Amino acid sequence: MSSLLLPASDLGELATPLLVFGGPYSNLEATRALRRVADALKIPPEQCLCTGDVVAYCADPVDTVREIRDWGIPVVMGNCEESLAEGATDCGCGFTEGTVCDRLSQQWFNYASARIEEDDRRWMAGLPRRLLFSVNGLRVMVIHGGVRQINRFLFASQSDADFHEELAGVQADIILAGHCGIPFTRRIGSQLWHNAGVIGLPANDGSSDTWYSLIESAGLGQLRITYRHLKYDVATAANKMADAELTGGYNEALITGLWPSLDVLPEQEKRATGQPMRFAEVLWQAPVSLQHNLW
Ligand SMILES: [Fe+2]
């Protein structure tokens, strides 16, 4: 793995609240539902952060990209955007060849790649691989998979050593990450790793609802993070997938909340299949000793 951090763009200082989400996954109904949530909460576009993979499993790649672009929110490049921008032949998720994940991803990738137009590929190519910003006195980094590798899977059950390796030389207080599809938050020494989950596919928890998070001020230098369910028109999204012959199993997953393949999951996450997820509110304050000079 490269020791170099992925290139970054700096958003400067952001206000709270922040709405954080990953993986729209070509799910237009979920994307529009979340935009309505942001509107209802009066959260401006610059405070809505997407951790990438705008395009993936579902039936509306073009309209989902257009919805996100029209919304005008900050988005980090996911491996799906990277692959589509490069004209690659697969999604770049890093699935092992011949696995169910590999076979199913080929189905949606071919479907999406045949429809995404040049202008949207250029938009994808121009997306930053890391975003940096300050909020409430804390420094935040937004990534897709890992800080050095766009498609690194990092799940809640992985060892502290995996996260320490990932965070070596990273002086952000909070890392907002995506890619793995299952929400979790981990304290790693003096830093916080927060994965808001994805809105375009359930979290393999037996619910058709998907996940996003809200980050609010809890006083100077402190943030409160809460997970929220996203309810949206699941039936329409699933029916569109059936009509598009995207019937490899992710169409049913929208309804059942259960993934068609567990290939990428560590054992702990596999055992949690179908179990409802509950999250305590996270209150975060970075140690005052943390220096912010090594972005
Ligand atoms: Fe991804």
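The structure this text deals with has already been given above.
This report concerns the structure included in the present document. (Residues numbered from 1 in each chain as written. Predicted model: local features only at pLDDT ≥ 70, side-chain atom pairs only at ≥ 80, totals over all residues. Heavy atoms only, no water.)

1. A closer look at the pairing of strand 8 (residues 191-195)
Of all five residues in strand 8, five are buried; the element is thus mostly enclosed. Note that strand 6 (residues 174-177) and strand 8 share four bridges and pair parallel. Paired with I174 across the two strands is L192, which belongs to strand 8. As paired elements, strand 7 (residues 184-188) and strand 8 share five bridges and run antiparallel to each other. Paired with T185 across the two strands is H194, which belongs to strand 8. (Buried < 20%, exposed > 50% of the residue type's maximum accessible area, 1.4 Å probe, protein only. Helix = DSSP H or I, 4+ residues; strand = E, 2+ residues; numbered from the N terminus. Pairing = 2+ DSSP bridges.)

2. Observations concerning the layout of surface pockets
It is a probe the size of a water molecule, rolled over the atoms, that shows where empty space is left. In this model, the largest pocket occupies a volume close to 230 Å³. Across the lining of the largest pocket, the residue classes break down as nine nonpolar, four polar and two charged. (1 Å grid on protein atoms, 1.4 Å probe; cavity = no way out; pocket = protein on both sides within 12 Å on 5 of 7 lines; lining within 4 Å. Points joined across faces, edges and corners; volume = space filled by probe spheres on them. Nonpolar A, V, L, I, M, F, W, Y, C, P; charged D, E, K, R; others polar.)

3. Things to note about empty space enclosed by the protein
Scanning the model with the defined rule gives two cavities of 30 Å³ or more in all. Of the voids in this model, the second largest cavity is the one considered here, and its volume is about 40 Å³. What lines the second largest cavity is Y57, L104, Q107, W108, M241, L246, G248 and Y250. Looking at the lining of the second largest cavity element by element, the count peaks at three residues for helix 4 (residues 100-113).

4. Section: the sheet that holds strand 3 (residues 48-50)
Strand order across the open sheet formed by five strands is 3-2-9-10-11, with mixed pairing between neighbours. Only two strands of the sheet have a single neighbouring strand rather than two, namely strand 3 and strand 11 (282-285). Across the sheet, the mean angle separating the axes of adjacent strands is 25 degrees when strand polarity is ignored. Pairing analysis gives eight bridges linking strand 9 (residues 210-217) to strand 10 (residues 222-230), with the strands arranged antiparallel. Among the inter-strand pairings, L214 is bridged to a residue of strand 10, identified as T226. (Axes fitted to C-alpha atoms, helices over the stretch in contact; angles between N-to-C directions.)

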